[in-house]
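Overview (structure and organization)
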Amino acid sequence: MRLSEDEAWAPDVADRQERVESAFEHAFEQLIGSTKQQPKLLPTYHRFRNHLLRMWSAFQEAQAEHDKAERESAERFWAPLRLVRSTRGREAEAWSIVNVDDERRGEVTVIWGEPHPYCLVVLDDAIEVGGWEQVIYRLEQEILVEEPGVVSYAVWHKGFVGEYYRCADCGELHSQFDEDAGKELRLDDLEPPDEP
């Protein structure tokens, strides 16, 4: 699957399914052998290929369902809200999240810094828990569309939530810092050991 996603590999094959099949054939030849030189490998080749294609098809369906659920969730979240630009400068922009009564429910500040943009997201307590992910998704779809590379997000919602980035490999938001780092340090670890 990773080979089929590598743009440098087989650039002449554009169709997604053809790329998956070609990558499988290439990997099979590299790992197990060529079916042209060893016809006895054909049953194994077809068994692996059919299994891979069934898995890939199931993955595609699951991805489509996931995308549909994300769109529906975003539509529900943003139905009573909208994103409105407050200010714009050369190096930063500020956006307000307002409800239908034009009451402010959050603020987003985008700083066009180096090495990459940094976003500060501050949400009102009235925003549903987890709504910050919808805000980041909307930012990526409408504001940060042309921004290549990594964007960092600092999120505040009923207190500091964390700093996040969108993973290029899996497409999910990940914490900038080790999520369990604070649990490793205990107060009793700071005490000197008891001397007998």
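In short, a report on the structure. Note that the coordinates shown come from a computational prediction; the quantities given were computed from them, not determined experimentally. (Residues numbered from 1 in each chain as written. Predicted model: local features only at pLDDT ≥ 70, side-chain atom pairs only at ≥ 80, totals over all residues. Heavy atoms only, no water.)

**A look at the packing of aromatic side chains**
Counted according to the given criterion, the structure contains seven aromatic pairs. Measuring from centroid to centroid gives 5.2 Å for Phe77 and Trp78, while their planes differ by 85°, and the two rings are edge-to-face. Judged by its relative accessible area of 5%, Phe77 is buried. An aromatic cluster is present here, built from Phe24, Phe28, Tyr45 and Phe48 joined pairwise through their rings. (Phe/Tyr/Trp six-rings, centres within 6.5 Å; stacked < 30°, edge-to-face > 60°. Buried < 20%, exposed > 50% of the residue type's maximum accessible area, 1.4 Å probe, protein only.)

**Remarks on the nonpolar core**
The biggest cluster of nonpolar side chains holds 24 residues, and the ones touching the most others in it are Trp78, Ile97, Val108, Val135, Leu139, Leu144 and Tyr153. Counting residues per element, this core draws most heavily on helix α4 (residues 131–142), which supplies four residues. Dropping the residues within four chain positions of it, Trp78 is found in contact with Leu83, Ile97, Gln134, Val135 and Arg138. Counting residues in each nonpolar core, the second largest holds eight residues, with Phe28, Leu41, Leu52 and Trp56 among its members. (Core = buried A, V, L, I, M, F, W, Y, C linked by side-chain atoms within 4.5 Å. Helix = DSSP H or I, 4+ residues; strand = E, 2+ residues; numbered from the N terminus. Contact = heavy atoms within 4.5 Å.)

**Overview of the sheet that holds strand β7 (residues 173–175)**
Within the open sheet, the seven strands sit side by side as β1-β2-β3-β4-β5-β6-β7. Their pairing is mixed. This sheet does not close on itself; its edge strands, each paired only once, are β1 (81–88) and β7. Taken pair by pair, the neighbouring strands of this sheet meet at an average axis angle of 25°, ignoring direction. Taken together, the six bridges between strand β4 (residues 118–123) and strand β5 (residues 152–157) define a ladder with parallel strand orientation. Paired with Cys119 across the bridge in β5 is Tyr153. (Pairing = 2+ DSSP bridges. Axes fitted to C-alpha atoms, helices over the stretch in contact; angles between N-to-C directions.)

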